[in-house]
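# Tertiary structure, described
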Amino acid sequence: MPLPDLPLYLQRILNANVYDLALETPLDFAPNLSGRTGNRIYLKREDMQPVFSFKLRGAYNKIASLPPAKRSRGVICASAGNHAQGVAMSASHLGCRAIIVMPETTPAIKIDAVKKRGGEVILAGDSYDAAYTHALELEKSEKLAFVHPFDDPEVIAGQGTIGMEILRQNSRLEGNIHAVFVAIGGGGLAAGVAAYIKAVRPTIRVIGVETFDADAMRKSIAAGRMVSLSQVGLFADGTAVRQVGEETFRLCRTLLDDIILVDTDAICAAIKDVFEDTRSILEPSGALAIAGAKEYADKHRLKDKALIAVASGANINFDRLRFVSERAEFGERREAVFAVTLPETPGAYKKFVSLIGKHNITEFNYRYNHPTAAHVYVGMQVADRAESKKLAETFSKRGYPTLDLSEDETARSHIRHMVGGHAPQVREGGMIELLYRFEFPERPGALMNFLNQMSAGWNISLFHYRNHGADTGRVLAGIQVPPEETREFQLFLDKLGYRYWNECDSEVYKLFLG
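Because the structure is a prediction, the values reported are computed rather than measured.

### Thoughts on the overall build of the protein
- Each helix and strand in the protein was counted, giving 20 helices and 18 strands.
- Among the 514 residues that make up the protein, the fraction classed as buried is 54%.
- The contacts of the protein with a sequence gap of at least 6 include a subset with a gap of at least 24, amounting to 73%.
- If the 61 positive side-chain charges of the protein are averaged to one point and the 62 negative ones to another, these points end up 4 Å apart.

Laid out in C-alpha cells, this is it:
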C-alpha cells in the first residue's frame, strides 16, 4: 500500500539541491557479469562522486536546505566513514563550519581525508555510539545543526535523486527494468530510491541488500518494529548499523519488495566482478548491491532481465585487498579445496597430480608426518561447486580418500596456513631432507614437469604453494634424498630450468619445520 505522503517525498526529491556539488553518475553496462548471470546488469556508478560515495547527495541537500542563519552557525555529524567526507565537503562548498565527531579508533587515513575536505575533527569514545552521543552534546552546547547520516527526510530525498537518475537513464536500456538493488545500512539510500521509483514506476521491484551479520532492517521489518542488534559484522563497515532509522524503517517496510542477505565471500566476489568490468575497486559496502543482484538472480532463476545495482562507494582500505582477493574465488565458488590422503610411496604424487588434469592448482600444502600416509591440502580452480564434488568423488574412487573443504570456514581461514610441523622421521633410513625455494612458471603443467624430472627414488617430504596472482608461483619444497645422490640432485635442479634457492640452513626452517 502506498504511503499517504509519497507524493511529498516525490516533490522533495524532484526539488533536491544536490547538483551544485554532486554528479549525475553514469549507468554502466557490466558485460562480463551480465554474461555469467544470463541477465543484463547495469551499475549505477556512485563510486564516481567527488567523495567516491553516494553520501555526498544527502549531506549536501540537508545542509543546503538549512535556513541561512542556522547554517551560518555550523553543522555537526558523527561518522567514521563516507558520511563524514560528504558533510565536510558540502559544508566547505557552502561556506559554513563543519565539526565531525569520530571515534578515537578511527584510522588516520580517514581522519586526514575529512580534514582535507575542510572538516574539523573531534575524536571521542571508542565506538560510533560514543561519538554520536558526544556529537549530540556539542549540537546543543554550540547550537549547531545536526546532519544525520540517514534518518532525515532531506538526507533521504538527496539519496532519492539516484532513483530519479536511474529512471531518466532507463531510456537507453534494452527492455524494462525488472529490479533495482540498493545496499542497506541505516536505510537512507534504500528509502530514497524506493520512494522515487515506487511513486513513478511502481512495477519496478526495489530490493534491499544486507549482510547476514548486519541485517537490522530485515529483522525490523519481520518483527514489525525497530530492532536493535547486539552486535554487527564489520567487514562491510559502511553498512554496519545496529539500528535503522525511524523514518527509513517507516518507508522501507512499505516500499521495499524484498531484502536479500549475502555473506563476506559473496561481497568479495562482487568486488572482483566490478573490477573485471570497470577496473574500479569498490569498498565492501559499495559492492553489497551487486552481490545481492547476483544472489537474487540465482535464487529466482532470472534470465534476460534488466537489473540495476547501485555501486554505492569506493573508499576501501588498501590493506583489505589481499583478503578480498583471497576470498573472491570462494564467493564465486570457483576455487575448491580438498584434504587428500596419499599413500607415502614413490609415484603417489605424480599419479594424484595426473588426476587433477587441466585444472589450475591454486594451492598445495604438505608436510611429512607419517611413514605410510600423506595428508595433502590442495586447492584448484573449478567452474562451480558441482565440479568440486565430482572431483572429490573421482579422487576417492581412484584410491585417494578425499574431504571436500570448500565450505569449511576453519579450513579456509586457518588450517591452510598451519599445515606443517617438525618431522624428525624424514632422516630415517639414511635419507637427508633438502629444502629449496623455487619459482615455478605460473602455467598448467609446471608441477607435473617438476615431478617428472625428479628421480623416482626421492620422496617429497614438504610442499607449499599458493597462487598469488604473480607471473611465477612461489614454492617451498622438502625432498628426501640419499646422501650419495646429492650430485644427481644438483643436476636435477639445473635441468629443471626453474629458479631456485637453497634453504637448508634457514633458521626459520630449523625452528618450525626441521
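### A few points about the sheet that holds strand S1 (residues 27-29)
- One open sheet holds the six strands; their spatial order is S1-S2-S10-S7-S8-S9, and the pairing between them is mixed. Looking along the sheet, the strands with just one partner apiece sit at the ends: S1 and strand S9 (258-262). With strand direction ignored, the average angle separating the axes of adjacent strands in the sheet is 30°.
- Two strands pair when backbone bridges link them, and S1 and strand S2 (residues 40-45) are joined in this way by three bridges, in the antiparallel orientation. From the neighbouring strand, Phe29 faces S2, where its bridge partner is Tyr42.
- Along the sheet, helix H8 (residues 153-169) makes contact with S1, S2, strand S7 (177-183) and strand S10 (306-311), crossing S2 at roughly 135°.

### Quick notes on the packing of aromatic side chains
- Summed over the entire model, instances satisfying the criterion amount to 21 aromatic pairs.
- Between Phe489 and Phe492, the aromatic rings sit 5.7 Å apart at their centres with planes inclined by 50°, giving tilted as the arrangement. Of this pair, Phe489 and Phe492 are both found in helix H19 (residues 486-496), three residues apart, which corresponds to roughly one turn of the helix. Of the two residues, Phe489 and Phe492, neither departs from the other in class, the shared state being buried.
- These aromatic residues form a ring-pair network of at least three members: Phe364, Tyr436, Phe438, Phe440, Phe450, Trp458, Phe463, Phe489, Phe492, Tyr498 and Tyr500.
- One Lys or Arg, Arg12, reaches over the ring of Tyr9 and ends 5.2 Å from the middle of that ring.

### What about the environment of Met431?
- On the secondary structure map, Met431 appears in the loop between helix H17 (409-413) and strand S15 (432-441).
- Relative accessible area serves as the criterion here: at 18%, Met431 is assigned to the buried category.
- Residues Met431 and Glu484, spaced 53 residues apart in sequence, show a C-alpha to C-alpha distance of 9.5 Å.

### A short note on H19
- Phe489, Phe492, Leu493 and Leu496 are the residues of H19 that are buried. Buried residues along H19 cover an arc of 100° about the axis, so they all sit on one side. Every exposed residue of H19 that faces more than 90 degrees away from the buried side is listed here: Arg487 and Lys495.

### Re the nonpolar core
- Counting residues in each nonpolar core, the largest one holds 44 residues, and the members touching the most others are Phe364, Phe450 and Phe463.
- Here the element with the most residues in this core is helix H15 (residues 348-356); it accounts for five residues.
- When neighbours within four sequence positions are excluded, Phe450 is seen to be in contact with Phe438, Phe440, Ile460, Phe463, Ile479, Phe492, Leu496 and Tyr498.
- Formed by 43 residues, the second largest nonpolar core is a distinct cluster that contains Ala191, Ala195, Ile197 and Leu229.

### With respect to the sheet that holds strand S6 (residues 145-146)
- Taking strand neighbours across the sheet as the criterion, the four strands line up as S5-S4-S3-S6 in an open arrangement whose pairing is parallel. Sheet topology places strand S5 (120-123) and S6 at the edges, where each strand pairs with a single neighbour.
- Note: strand S4 (residues 98-102) against S5, four bridges, orientation parallel. Paired with Ile99 across the bridge in S5 is Glu120.
- Against the sheet, helix H7 (residues 128-141) engages strand S3 (75-78), S4, S5 and S6, with an angle of about 160° to S3.

### Quick look at unusual backbone geometry
- Phi angles above zero are rare outside glycine, and Phe52 is one such case at about 60°.
- Since its relative accessible area comes to 41%, Phe52 is described here as partly exposed.
- Of note, Lys143 is a non-glycine position whose phi angle comes to about 55°, a positive value.
- Here Lys143 lies in the loop between H7 and S6.

### Brief notes about the pattern of salt bridges
- Under the criterion given, the structure shown has 22 salt bridges.
- The salt bridge involving Asp215 is made with Arg218; its shortest N-O contact spans 2.7 Å.
- According to the relative accessible area criterion, Arg218 is partly exposed, its value standing at 32%.
- Several salt bridges share partner residues, and in doing so they unite Arg36, Asp273, Glu276 and Lys294 into one network.

### Here's the deal with the side chain of Thr239
- Tracing the backbone shows Thr239 in the loop between helix H10 (216-223) and helix H11 (246-255).
- In this view, Thr239 contacts Ala183, Ile184, Gly185, Ala214, Ser285 and Leu288; residues no more than four positions away in its chain are not counted.

### Focus: the pairing of strand S11 (residues 335-343)
- Relative to strand S13 (residues 373-381), S11 runs antiparallel, the two sharing nine bridges. From the neighbouring strand, Val337 faces S13, where its bridge partner is Gly379.
- Note: S11 against strand S14 (residues 402-404), three bridges, orientation antiparallel. By the bridge assignment, Phe338 is partnered in S14 with Asp404.

Here is what the cut-offs are and how they apply
Residues numbered from 1 in each chain as written. Predicted model: local features only at pLDDT ≥ 70, side-chain atom pairs only at ≥ 80, totals over all residues. Heavy atoms only, no water. Helix = DSSP H or I, 4+ residues; strand = E, 2+ residues; numbered from the N terminus. Buried < 20%, exposed > 50% of the residue type's maximum accessible area, 1.4 Å probe, protein only. Contact = heavy atoms within 4.5 Å. Lys, Arg positive; Asp, Glu negative; His and termini not counted. Charge placed at Lys NZ, Arg CZ, Asp CG, Glu CD. Pairing = 2+ DSSP bridges. Axes fitted to C-alpha atoms, helices over the stretch in contact; angles between N-to-C directions. Phe/Tyr/Trp six-rings, centres within 6.5 Å; stacked < 30°, edge-to-face > 60°. Lys NZ or Arg CZ within 6 Å of the ring centre and 35° of its normal. Arc of directions from axis to C-beta. Core = buried A, V, L, I, M, F, W, Y, C linked by side-chain atoms within 4.5 Å. Salt bridge = Lys/Arg side-chain N within 4 Å of Asp/Glu carboxyl O.

Read these as spatial facts, not as claims about activity.
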